Amino acid sequence: MSDESTTYIAPEPKFGYPAGPKLDQQIKARHRRGQFWYVLLGASLIVSILALIALLYTIVNDAFGLAAVEYKNDPTRLVVEQQEKVMLADRDTVSSEDDRELAAGIMNDPYAIGFFGYAYYQQSSDNLTLLAVDGITPDAGNVEDGTYPLARPLFLYSDARVLENNQAANVFINYYLTHVNEEISDVGYFPLSAGRISQAQQTWKQANALDLPAGQWAAINPDGVGGSLSIAGSSTVYPLTQRMLERIKADGFVGDTSDESVGSTAGYRAFCVDGAADIAAGSRPMNQNEFASCRKIGRLPLEFAVGTDALAIVVSAQNDFLTAVTADELRLIFTTAQKWSDVNPNWPDQPIKRFIPGTDSGTLDFFVETVFPIALDELPQPTLVSILADNVSPGLGRRMESEQRFFADQLVFFSQEQWAEACDGATPYAGCTLPPRAKDSVLQLLNENVTEPNIVAVWKLVPSLLNRAAIEQEALEKYPAASLQFTSWVSTAFLRSPQSSTPELAGVRTAVLGSLWVVAFTALVSFPLGVGAAIYLEEYATDNRLNRLIQTNISNLAGVPSIIYGMLGLAVFVRALEVITSGTAFGAVAAGATANGRTILSASLTLALLILPIIIISGQEALRSVPNSLRQGGMALGATQWQTIWSHVLPSALPGILTGTILSISRALGETAPLVVVGASTFITTDPTGPFAKFTTLPVQIYQWTSRPQPEFQNLAAAAIVVLLILLLSLNATAVLLRNRYARRAA
Amino acid sequence: MATQSSVPPIATETFSAESLTKRPRIGEALIQVFLFSCGIISIFTTIGIVIVLAEEAIKFFALPQVTLLEYFTGTKWQPAIGYFGVLPLVLATIMISGIGMVVALPIGLLTAIYLSEYASPRARNILKPLLEVLAGIPTVVYGYFALQFMTPVLRSIFGVQQVQIFNVASAGIVVGILIIPLVTSLSEDALSAVPRSLREAAYALGGTKWETARQIVLPAGLSGVTAAFVVAISRAVGETMIVAIAAGSGPRNFEIGKDSLFGFIFNPFVAGETMTGHMVRISGGDLSYNSVEYLSIFSIGLLLFVMTLILNLIARRIVTKYREVYE
Amino acid sequence: MTLNSYAQNKHLAVEADKMSVYYGGFRAVKEVSLQIPQKAITALIGPSGCGKSTVLRSFNRMNDLVPTARVEGAIHYHGNNIYAPNVDPVEIRRRIGMVFQKPNPFSKSIYENVAWGARINGYKGNMDELVEASLRQAALWDEVKDKLAESGFSLSGGQQQRLCIARTIAVKPEIILMDEPTSALDPVATLKIEDLIQELKENYTIIIVTHNMQQAARASDFTAFFNMDADRAGYLVEFNETNEIFTNPKHELTEQYITGRFG
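Residues numbered from 1 in each chain as written. Chains lettered and ligands numbered in written order. Predicted model: local features only at pLDDT ≥ 70, side-chain atom pairs only at ≥ 80, totals over all residues. Heavy atoms only, no water.

(A) Spatial organisation of the sheet that holds strand S1 (residues 64-70) of chain A. Residues and elements named next belong to chain A. In space, the 3 strands of this open sheet follow the order S13-S1-S14, with antiparallel pairing throughout. Both edges of this open sheet fall to strand S13 (454-458) and strand S14 (483-488), since each of them pairs with a single strand only. Taking each pair of neighbouring strands and ignoring which way they run, the sheet shows an average axis angle of 40°. Inspection of the sheet shows S1 paired to S14 by 6 bridges, in the antiparallel sense. Across the sheet, Ala67 pairs through a bridge with Gln485, a residue of S14. Running over the sheet, helix H2 (residues 20-63) touches S1 and S14 and is turned about 25° from S1. (Pairing = 2+ DSSP bridges. Helix = DSSP H or I, 4+ residues; strand = E, 2+ residues; numbered from the N terminus. Axes fitted to C-alpha atoms, helices over the stretch in contact; angles between N-to-C directions. Contact = heavy atoms within 4.5 Å.)

Below is the structure:
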């Protein structure tokens, strides 16, 4: 320090700082600036979070939603028909469209059971016992609110133009809607609530272009009204309609009426296909196909709810063991069980006598649809096979069976002799040796050859939820033959089905399996190499030029774009080492495999090189965190360096190494570009069988679907993304669990 | 054991001189050789990449119809009919990376400042894994996002006439979103490495939180932040799936003077295939080895490799320099 | 001269009144009351962990930066409690500066290191003059006048610490808090800093935490001795003129500490 600076005391500089109110202002201004930027910082963080939300939103929005599907054969119909066929085929089953006949049959046999409309039960309630279903005995309350499982609404259908031209029909419906609730309980059904009746009245008012406020009703006096009126349909609605006809005639109606009890389906046919009936009566709502038929002949069906029926499950009054059944018992009683004791060992060892309505009756359909599962994939395999057998030509059936049999012990389309001859012949069928088909495969055949679904339009999730009514309207107008279904594009079928060019049948099975194979081999190759390199660099490498070069090189490799690895894989593994990667060197090429070098092995080796730097770097970090004292301790006991590493250093670095490895595996799982370059197949439907198989992976599949212009493929891509993200999430969760578990143990 | 009475006898054998000499341990040596080979594989990988790319690229440039001059100055890329100007692909790559950077750098940096200077430890514990989730989503999913979300959004803002279905802007913005977590995490590391005492000094002089963050902490961590930016650019340049899905499937060939500069050549709302997008599209199709297309994608690959390598080396340099300041 | 008589003549710079500091549930400092005289050097001494640094950092609300810290009681400064809710810590810190244990120059040029605080606090005068004056006052000007544009890191440890003092006095504080400012320095650099502190006393009130009893005895006018009670909370044992503390301690603990029997 010089003399000057030790003695020199600087003069006060001019006082230059703000003071008093100015200081206050200055500080406030600075805080305001800080506040502004703080808001900006938070906003930028929110942008990232919003991006994440938008991404997930887009995926979920596309992975679920309404789809309009046209079937060549409606699967629900197929199931119901099949089930009815089974029920009617039994020799102990009596079937009649006349419910009185059924009631009479049951009355006299203590081991009989049957079902029909509630009205018929009431007529003979002295001789019949009404059963509770799932603990609920039908009464006005539980039928109206739908808690009784076998309750159903009753409908009349007509058309605005019919009502305009046929005065008799118009007046009759008006009269029906005016007085039905006064008669219905007496007939044996349950009245509608005021709200539902007024809804039906509203429909009538609209059809007549009457602009009356809601709740106001214009009852027409039928006195003197005449004309011709034809009603056809449900035997359930029939007694009610009969009652209304009697009453309207008593009130002076002079029309010429015909009322046929032919069953709902026949009634809808008469109204929609033949156009013969003016009014159709139904005990189930009209379905999409019937609606479409109606539109074809220029009728737009108007729906009038008139009451609620409950299906009565009855036994004879002489029956002393039954007062209640469950839905499960009902299923058994009306299908496979032969004797009562088959259903419940406490019940008598006597054959079950069944009395059921015929196929033309809506009652049977209603029973089947309510009591049995009606989704194809819920049916047992034999049922599926019989549906298939009923709906394909014998030639096609034999081709399917020759590819793979349906049952191990039974033939469906072939006779035993034909089969034996073919299998002993020079060119036996593939089906001779293959195990029988799984249920999935039968389902797939059904979808491809019988139901043949065709998605004609799709809607995203949010509009599906918010604008359901508008979508239904649009679907009805544009795709009258299609049924509108809420579709989860991610489903078990989606996971189990292979790739297909028909979006409704396509799945990710091939891709998921491909991904798993590729990732497994990648891990198998990269884990030992990566950990080995990490050990070398951390434990053995001295600080020389070569080792520094290796280290620098590894960090540079981590920054090389993944597609470059794809080019490397293409030139080296796919082309140069084709003999090895295609499996020809090992004689391992399966018959018909034309993968060249574009195999799972090539893909795995490419991805292994890609994630190697990441594994090495994370492995090094894990090894570095092992305290040196551990190494010295091992050495001091006379262990060699490798012994020390193997028994002391590696075990305590292992959780870190595994975490890093799992994270890089998840990177490999999501990798797309290099696999496209090394030649993931664009379209394969067979499961990969080993390292030399051609393959596709989940991300590649997503890429291909995303590149297709049709909207359904975007839904598929979204569904596949959901699957991919779930796979990744579970991998990462494993890593986190592993880390936490070992971290706790170490602590 | 505690009651053991007799003391074991002290070993009385003498060591022979030989027993202390170094013995060859064959097992140990083999293991070391194996471990060394593991380490050296990375070198072979690099050499492999360089050889493979260079070999095929040389074959490409040796083709009579290809000239280096046209390659770097031509504005049309149509190998099938003899146009070999790589500029349209490079231009799309630069535009998308540029748009990505405009999105990612400010958001990523500001988020990093928030996380390192403002967020409470609890908030950080929630937010950082959230960003990791963003970083762990495969790029093909981002591609889907660009096509199904960003493009419709852009089209509804700027008009269906203005914005093509495949466009550079949508891909660029989503590339930006993809690298936000990268920028954030690297920048946050750099900012967190700034010693606490520096912040305290700034506060003790009457600095506000923002003044301290912006004028003291950020300059101190600047080299790390810069390195993060460079790494991010390299990542954007090499990004493939987003651009392959959302940016377009054909090079934006143009003619200077004929095509409108901002209406077409630099228009972000028009489709444009990048280098990576082109490589993945060509190799995804049925490709016959040694065809012009096959060789051409290796030339593009080499160019891409060199570009990203230079960027990564720059980043490493900056980081090394920044380490010196603090150690 | 007793403290009381001295304090009657001198004005108080700042006064702690039954101040306790908590970190979460842990009470680090217990009901400290301390009157710091103006334009004098007050040393805070005591065994490590006795909370003297915490007390020091309470005077300019540096403890606010620790999320779990909480202060009870009051610190009076110009008639205001600096912990009152309407008081802005930014203004407090601008008027009560601080020098830290380890030199911590900003990663900026020497010039900018000094100018930064002045700039953010709205200094309107001639910046070159202020920088020069501050560096001169910190006895650093001659060593750095030719390399003002160089990084603050290019200086030696002692120089860096004087740079930190220069940047503190550049914002014209009334009080300078020093948290063991010489503990990271060699003896020569330490001596220079001690000389500097003596000079600064002319214009500034200085509160210094030191581990080094000789330093306290040599350089301070007043000394506060802190100790730690059974549940590890620091408390004030004795506060008096430095002379008195070291020659005629009132408290037995103080005597034991200055004679090196514990701490």
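(B) Just the pattern of salt bridges, in detail. Tallying each qualifying case throughout the model produces 38 salt bridges over all chains. Between A:Glu182 and A:Arg247 there is a salt bridge whose closest N-O contact spans 2.7 Å. Note that A:Glu182 is positioned in helix H8 (residues 167-187) and A:Arg247 in helix H10 (residues 238-250), a separation of 65 residues in sequence. Between C:Lys145 and C:Asp142 there is a salt bridge whose closest N-O contact spans 3.6 Å. Given the relative accessible area of 38%, C:Lys145 is considered partly exposed. Shared partners join several salt bridges into a network, and the residues in it are A:Glu182, A:Glu183, A:Arg243 and A:Arg247. (Salt bridge = Lys/Arg side-chain N within 4 Å of Asp/Glu carboxyl O. Buried < 20%, exposed > 50% of the residue type's maximum accessible area, 1.4 Å probe, protein only.)

(C) View of the nonpolar core. Counting residues in hydrophobic clusters, the biggest one holds 269 residues, and the most contacted among them are C:Leu34, C:Phe59 and C:Leu135. For this core, the leading source of residues is helix H4 (residues 87-118) of chain B, giving 18 residues. Sequence-distant contacts of C:Leu135, that is, excluding residues within four places in its chain, are made with C:Val114, C:Leu140, C:Trp141, C:Val144, C:Leu148, C:Leu163 and C:Ala166. (Core = buried A, V, L, I, M, F, W, Y, C linked by side-chain atoms within 4.5 Å.)

(D) Expanded view of the state of the cysteines. Residues and elements named next belong to chain A. Evaluated as defined, the whole model comprises 2 disulfides over all chains. At a sulfur-sulfur separation of 1.9 Å, the disulfide partner of Cys272 is Cys294. The chirality of the disulfide connecting Cys272 with Cys294 is left-handed, given an S-S dihedral of about -75°. Here the residue Cys272 occupies a position in helix H11 (residues 264-274), and Cys294 occupies one in helix H12 (residues 288-296), the gap between them amounting to 22 residues. You'll find Cys272 and Cys294 in the same group, each marked buried. For Cys423, the disulfide goes to Cys432, at an S-S distance of 1.9 Å. The S-S bond linking Cys423 to Cys432 shows a torsion near -85°; that makes this disulfide left-handed. (Disulfide = S-S within 2.5 Å.)

(E) Spotlight on the interface of chain A and chain B. Facing 74 residues of chain A, the contacting portion of chain B comprises 72 residues. For the pair chain A and chain B, the summed buried area comes to about 6,500 Å², and 75% of that belongs to carbon and sulfur atoms. Contact with chain B buries surface across chain A, with A:Leu41, A:Met567 and A:Arg575 losing the most and accounting together for 10% of the total. There are 1 salt bridge connecting chain A and chain B. Its residues placed into classes, the side of chain A that touches chain B shows 49 nonpolar, 20 polar and 5 charged. (Buried area = accessible area lost by both parts, 1.4 Å probe. Nonpolar A, V, L, I, M, F, W, Y, C, P; charged D, E, K, R; others polar.)

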